[in-house]
Each structure stands twice: as C-alpha cells, then as structure tokens.
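Examining the three-dimensional arrangement
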Amino acid sequence: MRISNATALVTGAGRGLGHHFARELLARGAKVYATAREPGSLTLEGVHPLALDVTDPDSVSAAADAAADVDLLVNNAGLFLGSTLLGDLDAVRAEMEVNFWGALSVVRAFAPVLASNGGGAILNVASIASWSVVPGNSGYAVSKAANWNMSNALRHELAGQRTLVTSLHFTAIDTDMLRGHDIPKGDPFDVVRAALDGVEAGEFEVVADSPTERRRPRWGRIPDRSTWSSRRSSPRATGERHPPQRIQRRRVDFVMNAGSSPRSAPSRRSDAAPSSP
Ligand SMILES: NC(=O)c1ccc[n+]([C@@H]2O[C@H](COP(=O)([O-])OP(=O)(O)OC[C@H]3O[C@@H](n4cnc5c(N)ncnc54)[C@H](OP(=O)(O)O)[C@@H]3O)[C@@H](O)[C@H]2O)c1
C-alpha cells in the first residue's frame, strides 16, 4: 500500500501516538480521518475530524458510515490503568474493553469498507506488553496479547479480501499514558515512522525498537507467505522446519510474490524500558 494514495482513519487521534499518526499520514500525502471521543480535541489542520468512541457500537458504526472511502485503518486507541488480575476487576475489564473489544469492534465495522476499497490495510497498535508481563501491567498485558492474536487471526479471516493486517509493537514512549512514570521513553515519531514504513512494505508485524524485538516470542514469529497461504507447503504438512531467521525476514505481498524486503529496522535505542505498555 502506498500511504501517499491512502485514505486513513486513526482512532484516538486527539493526543499521544494517534496525533502523531495523523500528522505523519498527512505529511506523507494521505487523506486522514482523525477520530476522538471528543472531536474538539482534534486540532490538527487538514484532517477530517470525526467522533469515535471505540467502546460504543453506535459511534463505531456511525464512523464507518461517515468514512466510507477508508483503505487504511489505524487502530490506535488504547487504555492503560495498571490493573492486576487479582485486583480491581472493573479496571481489568475496562482495559480489555478498549484494547481488545474496542479494537475488534472497529475492525468489524471497517472490514466491509476496506473490502469495498480494494482490501487496504489494518494497523493494530499492540505493545511490548503483548509479549511481556511485569508487575503492574497484568491486565493491560493480557489485553495487548489478545490484541496481537486478534491480528494473527484477522490476517487469515481477511486474506480473502486482500486486507493486510499489521501488528505494531514497541516499548515506552513519551505520551500521556506513562506520564508520571520515571522510566526511559522513546519518541512516538520513531514508532509512527517504523509503523507506516512497515505497512508500505507489507509487513505482518512491526517491532519498533530493540528491547521489544528481544521479547518477541520465537513461536510467535511470522510464518512466511507459503506457510500462511497454503497448508500443503506448511512445515507441519511437509515435516520441514523453517530456519527462524528466514521466517522472520519474510513479508507478504498480496499482489506479487516478488521476494523478500527489509523488515522495518529496530532502532538502536537500548535505553527504552522493556517493562512498560
Ligand atoms: N505510551 C506507551 O508507552 C505505549 C507503549 C506501547 C503501546 N502503546 C499503545 O499505543 C497506543 C496509543 O497510546 P498513547 O501512548 O498515545 O496513550 P495516551 O496518550 O494515553 O492516549 C490514548 C488514546 O486512546 C484514546 N482512547 C482511550 N479510550 C478510548 C475510547 N474508548 N475510544 C476512543 N479512543 C479512546 C484516548 O482518547 P481520549 O483523549 O478521548 O482519552 C487517546 O487518544 C495505545 O494503544 C497504547 O496501548 C503505548
């Protein structure tokens, strides 16, 4: 997908990473629907502002009706409350409500929109926490693990309509989410740049920094195109074992099977905290 020709919709674009996504998408030439629970928070010039609360089905379906030309969905809205599974269950549910159910609800509403616009792409904003539980992030980590496997499942379910599904993972960045947490934080712009480069390159997964790359589970690494699209050539069917590094470097291209392309390079930043959202 070429971002310069895309029509994108970003959830949670009033601040934080979503705001950076909207700004960079505009800079790359895309038409951008910036959405927020409070559209008044959408101050970026040049965007098409829309109200969207990912936990409200009416709001989600109204946004899908209003943005019928979207071919790139950036499913960015997220919630971190620091819940623990044996602590406040309402907080666990609230994180799950936004980070899994809300994200899925937006995908369900926009899947037909994407299909009618040629397939397009979905970028689901997950986290290092999809692969890493530390004290104080349990509920969030479970919700982001679900978000990651949602992407893995949707990739199969949406392959028929040629929708690329990309999952984005990174460690702490400097936004409101971790305001007050005294830990090293990366620049949200680096994450946005890696993510959009990854979508343009047809990546299944974008891992934006090296601490997150180190936590990426081996068993979760992306199957290459042949194992994903054909059961007959899968390692299970053939008894072969793919070398992990080769698998990791493969990408999918729905239009052509034109060999491999570079993955989005992990940044060299080594000071980012691994223990964050
Ligand atoms: N910050 C980090 O260190 C970090 C690390 C890894 C992953 N992430 C992920 O990156 C994404 C962006 O986070 P951020 O750092 O920008 O966090 P943030 O500054 O706390 O912003 C969260 C965004 O999500 C929106 N949101 C929350 N609940 C929503 C709902 N029900 N409907 C629609 N929008 C909702 C917020 O909108 P309102 O303004 O209306 O509240 C806000 O725009 C999230 O998915 C987060 O989990 C963040």
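This text follows the structure it describes.
A brief look at the structure comes next.

**Some thoughts on the site of the ligand**
Among the 33 residues in the neighbourhood of the ligand, the closest are listed as Gly12, Gly16, Ala77, Gly78 and Thr175. Counting residues per element, the ones that place at least two in the shell around the ligand are helix H1 (16-27) and helix H3 (89-116). With three residues, the single largest contributor to the shell around the ligand is H1. Its residues assigned to classes, the shell around the ligand shows 15 nonpolar, 13 polar and five charged.

**Considerations on unusual backbone geometry**
Unusually for a residue other than glycine, arginine 162 sits at a positive phi of about 60°. According to the C-beta neighbour criterion, arginine 162 is partly exposed, with 14 such atoms within 10 Å.

**Focus on the packing of H1 against helix H5 (residues 188-200)**
For any two helices packed against each other, the geometry comes down to the angle between their axes and how far apart the axes lie. Where H1 meets H5, the closest approach of the two axes is 9 Å, and the angle between their N-to-C directions is 55°. Classified by the angle between their axes, H1 and H5 sit oblique to one another. Crossing geometry of H1 relative to H5 is assigned as right-handed. Between H1, through Gly16, Leu17, His20, Phe21 and Glu24, and H5, the contact on the second element is made entirely by Pro188, Phe189, Val191, Val192, Arg193 and Leu196. Across the contact of H1 with H5, the residue classes break down as seven nonpolar, two polar and two charged.

**Observations regarding the environment of aspartate 69**
Residue placement: aspartate 69 occurs in the loop between helix H2 (57-66) and strand S4 (72-75). Note on aspartate 69: 11 C-beta atoms within 10 Å, which makes it exposed. In the structure, aspartate 69 is positioned 62 residues away from threonine 7 in sequence and 6.6 Å away in space, judged by C-alpha atoms. If near-sequence neighbours (up to four positions away) are discounted, aspartate 69 is found in contact with Thr7 and Asn117.

The rules behind each value
Residues numbered from 1 in each chain as written. Predicted model: local features only at pLDDT ≥ 70, side-chain atom pairs only at ≥ 80, totals over all residues. Near = placed C-beta within 6 Å. Helix = DSSP H or I, 4+ residues; strand = E, 2+ residues; numbered from the N terminus. Nonpolar A, V, L, I, M, F, W, Y, C, P; charged D, E, K, R; others polar. Buried ≥ 20, exposed ≤ 12 C-beta atoms within 10 Å, placed from the backbone. Axes fitted to C-alpha atoms, helices over the stretch in contact; angles between N-to-C directions. Parallel < 35°, antiparallel > 145°, perpendicular 65-115°, else oblique. Left-handed = near helix turned anticlockwise from the far one by under 90°. Contact = placed C-beta atoms within 7 Å.

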